[in-house]
Amino acid sequence: MSGNSGIPLDTTKEYVDTTTLLRNKQNLKQYSFNIGNSGGSPNLTENYNENSKLLKGSGKYKLSFSEKFSYGIGEGGLSVFQMIKGFFLNSFLLNVAQIDSMFTAVILFTAKFVDAFSDVLVGNLSDKTKSRWGRRRVWILFASLPFAILYCGLWWVPPNLTDVEKLIYYQFVVIGLSISYTCVAIPYSAMNAEITDDYDERTTLAGIRMISLMIGGLTSTFTHSLLIKVFTTHTPNGSVYTDYQKGYLLSGGIWGGVMIIPLLITFFGTRKIPNESQTESHIPFFKGLGVMFSNRAFVTVTLLYFFCQIAVQFVQNNLLLYCTYVADAEKQFPYILATLQISVSIFIFVWGKISTYIGKKVTYYIGGVFLLLSFLSLFFLPFGRRNLLWGVAAFSGIGVSVAFLVPMSMLPDVVELDELKTGERREGLFYSLFLFFQKLGLSVGLAVSSFVLGLVGYEAPTQVDSSQGISAEIIDNNVENQGVILALRILTGLAPAVIILFSFVAIFFYPISKQSHNEIRELLKRKREGTVTITVDEK
């Protein structure tokens, strides 16, 4: 039986439907692979050997530690944006920029509408880019500066603007920042599938990336928490003046400059990694999308990633408010956050090692249970028990690390399955959709949180006797608002726990195991040797 996709391809390539190849070992024994040499040599029929040693003696380029480190550290630059925005943007827009909660929801949902087009467009363009720096690294080089500038602009509160003018300003900045982040993050992520095709090495790369993300996030969020309070003065009468507007702008300027450094290290540190020659895509764009979404592995890992992201983002977006109004631990927030991120960094390494023995699916099931328990702990945490929150933060790292590690290590395997089916590598397009769901999770978490808090009567703390953004006294009516406290419990505990249950369903249907991935690599290896055609015949 020869697979047929109905998609016009290069006549030297033939679409291969590999769905049945991934079901089980017995199905593979029913197939033989006809390998024809385009140079005119006779066709050969070779029975697939499940025990063949893959890539032995193939001359495949092996990454050095410095190249792995150079690639992985780039995630640290991206994490500055991800972490600070995730933990602080909601509080900044509501309390510092003084934007209405409904306007905040409009800003974020409008940005997601633009992302739906920009993410896929950038991914498709990066797949087709040709330059002396490769098709991915060139995007990282030229998009990093606009990304850093717009990041600084996000934390500036323009003076003397009306509510509508603020809405317009932040809408422009958020959309521009999201697009520039896309131009860096999608090509960067797509490199993961290009620079190595080893199943375990990809897990190692994903682990290095996530550790870099956590270290970068820990450093940036902790110092950000301190920098925003730099402009605090104490008067002789005991009053405290804190100019958060200047503090946020200072932190934005510092971290906007710092975030470029890891990205440049990635650009220069990966320059010697060979790029395989890429052929121009012969698949029409929309039909190509159809093939992607007919790929069960891609659909399931994308759903898994989306559920993980939106669950984690609900906690991330509201943790500062939760510490303030539920746990009475606002002053301890930087240290609680540091505890969580250190725990995540440690357990990313632990789960990475474990997954090489038990596989990625089982690893996620085990870690997901820890994640579920962490969310429920936040929901049931007694009011004002800040000491228990420290323990919950340390415990949560066990599960949160799996939510980051497993989906990111699965996607490169999915890209290779698509290459086997279509004959083309489309990392950029795959990662663009992946990144879209990441940003969708972040924005949905922010928008829904703002909307829900608005419904229960959340009010920005009122500044009394203020002058030019400097306050002597703050009146906060949310402390005694039980509706706000319950909403924060639901947003950080119950809602994420329910979402994680859906992630268990998604990963149950993920079809690629370590063994089936080795089978895909063997097929790809044969297909890449010269100009060959592999057809699948059922006997």
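Residues numbered from 1 in each chain as written. Predicted model: local features only at pLDDT ≥ 70, side-chain atom pairs only at ≥ 80, totals over all residues. Heavy atoms only, no water.

1. Thoughts on unusual backbone geometry
Quick reminder of the rule: Put simply, DSSP marks the helices as runs of H or I at least four residues long and the strands as runs of E at least two long, and each gets a number from the N terminus on. Each residue's exposure class comes from its accessible area (1.4 Å probe, protein chains only) as a fraction of the maximum for that residue type: buried when under 20%, exposed when over 50%, partly exposed otherwise.
Located in the positive-phi region is Q98, a residue other than glycine, with phi close to 60°. Here Q98 shows up in the loop between helix 2 (65-96) and helix 3 (101-128). The class of Q98 is partly exposed, set by a relative accessible area of 36%. A positive phi is found at D328, a non-glycine position, where the angle reads about 55°. Position of D328 relative to the elements: it lies in the loop between helix 10 (296-325) and helix 11 (333-358).

2. Notes on empty space enclosed by the protein
Inclusion rule: Throughout, the protein atoms alone are placed on a 1 Å grid, and a set of points is a cavity if a 1.4 Å probe fits but cannot get out or a pocket if it is open with protein on both sides within 12 Å along at least five of seven lines; lining residues have an atom within 4 Å of a point. Grid points are joined across faces, edges and corners, and a volume is the space filled by probe spheres set on the points. Ten residue types, Ala, Val, Leu, Ile, Met, Phe, Trp, Tyr, Cys and Pro, are classed as nonpolar, four, Asp, Glu, Lys and Arg, as charged, and the remainder, Gly among them, as polar.
By the definition in use, this model includes six cavities of 30 Å³ or more. Its boundaries defined by the atoms lining it, the largest cavity holds a volume of some 420 Å³. What lines the largest cavity is a set of 29 residues, and nearest its centre among them are F87, V312, Q316, L340 and V400. Listed by contribution, the elements that provide at least two residues to the lining of the largest cavity are helix 2, helix 6 (199-227), helix 10, helix 11, helix 12 (360-380), helix 13 (386-422) and helix 14 (427-455). Its residues assigned to classes, the lining of the largest cavity shows 20 nonpolar, eight polar and one charged. Each pocket or cavity is described by its volume, and for the second largest cavity that value is around 180 Å³. Around the second largest cavity sit 19 residues that line it, and S189, R209, Y305, M408 and Q438 are the ones nearest its centre. Residue assignment for the lining of the second largest cavity shows that the elements contributing at least two residues are helix 2, helix 5 (163-195), helix 6, helix 10, helix 13 and helix 14.

3. Digging into the packing of helix 10 against helix 12
For clarity, the threshold we go by: Interaxial angles span 0 to 180 degrees and are taken between N-to-C directions of axes, which are lines fitted to C-alpha atoms, for helices over the stretch in contact. For classification purposes, an angle smaller than 35 degrees is called roughly parallel, one larger than 145 roughly antiparallel, one from 65 to 115 roughly perpendicular, and anything else oblique. Should the near helix be turned anticlockwise from the far one by less than a right angle, the crossing is left-handed, and should it be turned clockwise, the crossing is right-handed. Any pair of residues with heavy atoms lying within 4.5 Å of one another is described as a contacting pair.
Between helix 10 and helix 12, the shortest axis-to-axis distance is 12 Å and the interhelical angle comes to 30°. Considering the angle they form, helix 10 stands roughly parallel to helix 12. When the axes of helix 10 and helix 12 are compared, the crossing they make is left-handed. Facing L304, C308, A311, V312, V315 and Y322 of helix 10, the residues of helix 12 in contact are Y364, F375 and L378. When its residues are assigned to classes, the contact of helix 10 with helix 12 shows nine nonpolar, no polar and no charged.

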